[in-house]
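These are the residues of each chain, in order.
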Amino acid sequence: MEKKKSLHSYLTEYSQSGRIPMHMPGHKRVRAVSEHMHISAMQDFTEIAATDNLHDAQGVLRDSMALASELWGSLRSYYLVNGSTCGILAGIRTLTKRGDKILVSRNAHKSVFHAIELCGLAPIFVLPPQIPEFGICGSCAPAAVEAAFKAHPDIRLAVITSPTYEGILSDIEGIAEIVHKHNAALFVDEAHGAHLGLHPTFAKSAVKCGADLVVQSLHKTLPAFTQTAILHVCSARVSTKRLAHQLAVFETSSPSYPLLISADGCVRKILEDEAFFEPWRIGLAGFSIWASQLQKLRVFGYEGDLPKEAFAFDETKLYISTHGCDLTGPQLAEKLEEYKIDVEMVTAQGVLAMTGAGDSIESIGVLAEALVQIDAACSFAQKKDLPGLDLPVLACAPEQALEAEFAVFTVQDSIGKVSAEYVWAYPPGIPLLIPGERISAEFASSVNWLLENGVALHKGRSKENDEIAVIAS
Ligand SMILES: Cc1ncc(COP(=O)(O)O)c(C=O)c1O
């Protein structure tokens, strides 16, 4: 058998090939921000008396998490080694009981849907408006949250994603006021915003906006290993006893010390170095000057006033739309490849370049110059607005739909039937359809549009792109 390269050699070679990583993790493999991550077997431990225990921290880990709590301004903070995913599962389970109603902004990460499934919750979805010329979800408006509570005063928990993958922020202060007025709790998925509130030019974190519980992925924008995250308890509405139990359910019983060292080092670096965010921030300020020269490509949030569907925006996410030019998202990604730039996500009509603490004017400048050149070489085009999302009707609980007998149909023939699987387009895993939802003609036409535009769908059960698993009748 031909001996293939080891993963170690493969990634080392790729790392050294001069690529510009416009994707997670946030350290971007830059030595100046990731020295604390140069870890060896000498620091790989298990929970012995001397090394503390993440699941019952009394020593060095407790002290480190206290520093983290001070940095973000929470009541108490917990490092996570299974990503924001485990924080979302544990947090939702902590704040609900089986059968409770939970308000969810529909553009939530798949872990939120998985929590609904596992905890047997009744979801009340709020669909943020689409921003038509960018084809992305806008903010979740306080008025929409208020309307959901009016229709369902017994909602126990609201889960809002802010910022989104593309950097859209919601009015968390406004939403918190409404949620608390109705005696419910607010959990903010801030997985993409661990940097928020840590520099005056970044937006405020939900930790300081009235949320009760906030989860952040350290690895997405800050210098800490992939899988590291942090869960902030911000009010007495969260029982830390229940939370500790749920973290024990959803998180490994052998937390990795190398991951924890990277989280601890990340917190200390930010606390100790006042200028820590300067290179990244200066790079972004430079980007805004270049972005103003673009004629056909458009970068969300970098062209004057925000569209009315967006409350605010995290400028570290660069969503570049090809809607006004003769390129598609995949074609733009291909052109960026020629400049050795790897992007985080490619959509039918755009790409997402994700910046992080390891970025500076050098890396962001390469992206900006590439965009200016690509923009000069492409032509204007009048494209149709991207199809909007409709909120499908939930016919039965997701877990019921997953446990039922199912059959596979073409998407067209499935109209009117009830889905028995999740359907996702692109990362970041926001489902177009969840199990238990009735398939509409609008859903079928959105799927057709995505397939015509070269977007592959990810599904739990059916194999072919134009098929779907439905509850067998
Ligand atoms: C909005 C959102 N929330 C949560 C997560 C899960 O984060 P993690 O990968 O740290 O588990 C993601 C992952 O991409 C995400 O996009």
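Residues numbered from 1 in each chain as written. Predicted model: local features only at pLDDT ≥ 70, side-chain atom pairs only at ≥ 80, totals over all residues. Heavy atoms only, no water.

1. Focus: helix 9 (residues 240-250)
- Among the residues making up helix 9, those that are buried are Leu243, Gln246, Leu247 and Phe250. For helix 9, the arc enclosing every buried residue in end-on projection is 105 degrees, short of the 170-degree limit, so these residues lie on one face.
- Contacts from the buried residues of helix 9 go to strand 2 (76-80), helix 4 (83-95), helix 5 (110-119), strand 10 (213-217) and strand 11 (229-233). (Buried < 20%, exposed > 50% of the residue type's maximum accessible area, 1.4 Å probe, protein only. Helix = DSSP H or I, 4+ residues; strand = E, 2+ residues; numbered from the N terminus. Arc of directions from axis to C-beta. Contact = heavy atoms within 4.5 Å.)

2. With respect to the pattern of salt bridges
- Summed over the entire model, instances satisfying the criterion amount to 16 salt bridges.
- Note that Arg106 is salt-bridged to Glu437, the shortest N-O span being 2.4 Å. On the criterion of sequence distance, the pair formed by Arg106 in the loop between strand 3 (101-105) and helix 5 and Glu437 in the loop between strand 20 (431-433) and helix 15 (441-452) is long-range, its members being 331 residues apart. Each member of the pair Arg106 and Glu437 is classed as buried.
- Within the structure, one salt-bridge network assembled from shared partners comprises Arg19, Glu337 and Asp342. (Salt bridge = Lys/Arg side-chain N within 4 Å of Asp/Glu carboxyl O.)

3. Describing the nonpolar core
- In terms of nonpolar packing, the biggest core is built from 68 residues, with Phe287 and Leu336 touching the most fellow members.
- Ranked by residue count, the leading element in this core is helix 10 (residues 257-272), at 7 residues.
- Looking at which domains feed residues into this core, each of domain 1 (34-272) and domain 2 (278-377) gives three or more.
- Contacts of Phe287, omitting those with residues within four sequence positions, involve Val299, Tyr302, Leu318, Ile364, Leu367, Ala368 and Leu371. (Core = buried A, V, L, I, M, F, W, Y, C linked by side-chain atoms within 4.5 Å. Domains from an automatic or database assignment.)

4. As for the packing of aromatic side chains
- Evaluation of the coordinates by the stated rule reveals 10 aromatic pairs.
- Summarising the aromatic geometry, the rings of Phe113 and Phe125 are spaced 5.7 Å apart at their centres and angled 35 degrees between planes, so their arrangement reads as tilted. One end of the pair, Phe113, is in helix 5; the other, Phe125, is in strand 4 (residues 122-126), and 12 residues separate them in sequence. For the pair Phe113 and Phe125, a shared accessibility class is recorded, and that class is buried. (Phe/Tyr/Trp six-rings, centres within 6.5 Å; stacked < 30°, edge-to-face > 60°.)

5. A few points about the site of the ligand
- Contacts to the ligand come from 13 residues, most closely from Thr85, Asp189, His192, Ser217 and His219.
- Asp189 has a polar side-chain atom sitting 2.6 Å from a nitrogen atom of the ligand.
- Against a free-state accessible area of 390 Å², the protein chains account for coverage of 87% of the ligand.
- Contributing elements (two or more residues each) for the shell around the ligand: helix 4 and helix 8 (218-221).
- Per-element accounting of the shell around the ligand gives the leading share, 4 residues, to helix 4.
- When the residues that make up the shell around the ligand are grouped by side-chain class, the tally is 3 nonpolar, 8 polar and 2 charged. (Near = heavy atom within 4 Å. Polar contact = N/O pair within 3.5 Å; in protein donor to acceptor, adjacent residues only side chain to side chain. Areas by Shrake-Rupley, 256 points an atom, 1.4 Å probe, with all protein chains shown as cover. Nonpolar A, V, L, I, M, F, W, Y, C, P; charged D, E, K, R; others polar.)

6. Here's the deal with the sheet that holds strand 12 (residues 298-299)
- Taken in spatial order, the 4 strands make up an open sheet running 12-14-17-16, and their pairing is antiparallel. Here the strands that pair on one side only, and so sit at the sheet edges, are strand 12 and strand 16 (345-347).
- Strand direction decides the pairing type here: strand 16 and strand 17 (residues 350-354), joined by 3 bridges, are antiparallel. Bridge assignment links Thr347 to a residue of strand 17, and that residue is Gly350. (Pairing = 2+ DSSP bridges.)

7. Some remarks on the environment of Ala122
- Here Ala122 shows up in strand 4.
- Its relative accessible area of 28% is what places Ala122 among the partly exposed residues.
- When the C-alpha atoms of Ala122 and Met345 are compared, they prove to be 31 Å apart, with 223 residues separating the residues in sequence.
- Apart from the residues within four sequence positions on either side, Ala122 is in contact with Gly99, Asp100, Lys101 and Ile102.

8. Looking at the domain arrangement of the chain
- On domain assignment, one finds that the chain holds domain 1 (34-272), domain 2 (278-377) and domain 3 (398-471).
- The C-alpha centroid of domain 2 is placed 27 Å from the C-alpha centroid of domain 1.
- If you look at the interface, domain 1 gives 27 residues, while domain 2 gives 27 residues.
- The interface formed by domain 1 and domain 2 holds 0 salt bridges in total.
- In this structure, the connection of domain 1 to domain 2 is made through 9 residue pairs in polar contact (both at pLDDT 80 or more).
- Those elements that provide at least two residues to the side of domain 1 that touches domain 2 are strand 5 (130-131) and strand 8 (168-169).
- The residue makeup of the side of domain 1 that touches domain 2, split by class, is 13 nonpolar, 11 polar and 3 charged.

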